[in-house]
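# Commentary on secondary and tertiary structure
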Amino acid sequence: MKKLFLLSVAVLGFTFAASAQDISKNAIGLRLGDSDGFGAEISYQHALGENNRLELDLGWRDGKNYDGFKLAGLYQWVWDLDGGFNWYAGVGGGLGSFSVNVPGQKDITDTFVFAAGDIGIEYNFDIPLLLSLDFRPEIGFGDDLYDNNDLDFDIALGIRYQF
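Figured I'd write up the structure that's included with this text. Starting afresh in each chain, residues are numbered from 1 along the sequence in its written order. pLDDT decides what is reported in this predicted model: residues at 70 or higher carry local features, side-chain atom pairs at 80 or more are listed and counted, and totals for whole chains, interfaces and linings draw on all residues regardless. Heavy atoms from the whole structure form the basis of all side-chain values; hydrogens and water molecules are not counted.

## Some points on the overall build of the chain
- By definition, any uninterrupted DSSP run of H or I lasting at least four residues is a helix, any uninterrupted run of E lasting at least two residues is a strand, and each is numbered from the N terminus. Within the chain, the secondary structure is distributed over one helix and eight strands.
- Secondary structure elements of the chain occur, N-terminal to C-terminal, as α-β-β-β-β-β-β-β-β.
- The burial tally for the chain puts 39% of its 163 residues in the buried class.
- Here, two residues are considered to be in contact whenever any of their heavy atoms come within 4.5 Å of each other. Taking contacts inside the chain between residues at least 6 apart in sequence as the whole, the part at least 24 apart equals 51%.
- About 9100 Å² of surface is accessible on the chain, with carbon and sulfur atoms providing 65% of the total. Working definition: with a 1.4 Å probe on protein chains only, accessible area under 20% of the residue-type maximum means buried, over 50% means exposed, and in between means partly exposed. Surface accessibility follows the Shrake-Rupley procedure with a 1.4 Å probe radius. Residue values consider only the protein chains on display as shielding.

Here is the structure:
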C-alpha cells in the first residue's frame, strides 16, 4: 500500500508538466476489481472536454443469500504521458445497497453513500480499445452495525471499447 502511494505521488510529480490530449468521446466496458466495488462493474466514460470526462460505474452481485448494487460517478482529469499512455485523477461518489438473507434470523439490509477519489494509468491502442489500471479509495457513510462507514481501497483493471 505504501509503495502504491509513493508511486502515485511520483507519477503526479513527474507529469504535471505533461500536455493535455484529446480523449475518446465515449467508452464503454468493464471495470474488474475487488473490495467493495462488488467485483465486476459496467463502466461508461463520456468526454466533457479535451482533457476531462465523466465516468459512471454500476457494480452488482447476486448470490444464494446475498444481493447488492453500487453506482459510482467520477469526474476525471486526463493527462498525456507518452505515446498512447495517459494518467488520470478524479473525484466523485455514489450510493449502494445490499441485502443478506440470514436463515432463521432477520435479513440484513442497508443503503449507503460514499465519497471516492480515483487515480490511474491507461493505454489507448490504435484500435478502439482502452486498457486502464486504477486505484479508487472510498469512504462510506452507512450503518455502523453493518460496517458501511469505513475506508475501502479498490484496485481495478478496466477494459473499454471507445467510440
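## So, the environment of Leu-130
- Looking at where Leu-130 falls in the secondary structure, it is placed in strand β7 (residues 129-141).
- Given the relative accessible area of 2%, Leu-130 is considered buried.
- Remark: the alpha-carbon pair of Leu-130 and Gly-29, spanning 101 residues in sequence, is separated by 9.1 Å.
- Dropping the residues within four chain positions of it, Leu-130 is found in contact with Gln-45, Glu-122, Tyr-123, Asn-124, Gly-158, Ile-159, Arg-160 and Gln-162.

## What about the packing of aromatic side chains?
- Two rings from Phe, Tyr or Trp (for Trp, the six-membered ring) form a pair when their centres are within 6.5 Å of each other. A pair whose planes differ by under 30 degrees is stacked, one over 60 is edge-to-face, and the rest are tilted. Counted according to the given criterion, the structure contains eight aromatic pairs.
- Measuring from centroid to centroid gives 5.8 Å for Phe-135 and Phe-153, while their planes differ by 5°, and the two rings are stacked. Here Phe-135, found in strand β7, pairs with Phe-153, found in strand β8 (residues 151-162); they are 18 residues apart in sequence, far enough to count as distant.
- When its relative accessible area of 14% is taken as the criterion, Phe-135 is described as buried.
- Its relative accessible area of 39% is what places Phe-153 among the partly exposed residues.
- The interplanar angle of 20° and the centroid separation of 6.0 Å between the aromatic rings of Tyr-161 and Phe-163 together place this pair among those described as stacked.
- Three or more aromatic residues joined by ring pairs make a cluster, and in this case those are Phe-85, Tyr-123 and Phe-125.
- Two limits define a charge over a ring: the Lys NZ or Arg CZ must be within 6 Å of the ring centre, and within 35 degrees of the ring normal. Seen from the ring of Tyr-88, Arg-53 lies directly overhead, with NZ or CZ sitting 5.0 Å from the centre.
- We note Lys-70 situated over the ring of Phe-114; from NZ or CZ to the ring centre the distance is 4.8 Å.

## A look at the sheet that holds strand β3 (residues 52-62)
- Two strands are said to pair when DSSP picks up at least two bridges between them. Strand order in the closed barrel made by the eight strands is β1-β2-β3-β4-β5-β6-β7-β8, with antiparallel pairing throughout. Along the sheet, successive strands turn relative to each other by an average axial angle of 25°, direction set aside.
- The pairing of strand β6 (residues 108-124) with β7 spans ten bridges and is classified as antiparallel. If you follow Gly-120 over to β7, its bridge partner there is Asp-134. A fitted line through C-alpha atoms serves as each axis, taken over the contacting stretch for helices, and the angle formed by two N-to-C directions is quoted from 0 to 180°.

## Re the pairing of β7
- Hairpin connection, β6 to β7: the antiparallel pair is bridged by four residues.
- Looking at chain direction, β7 and β8 are connected through eleven bridges and run antiparallel. In the strand pairing of β8, Ser-132 is matched with Gly-158.

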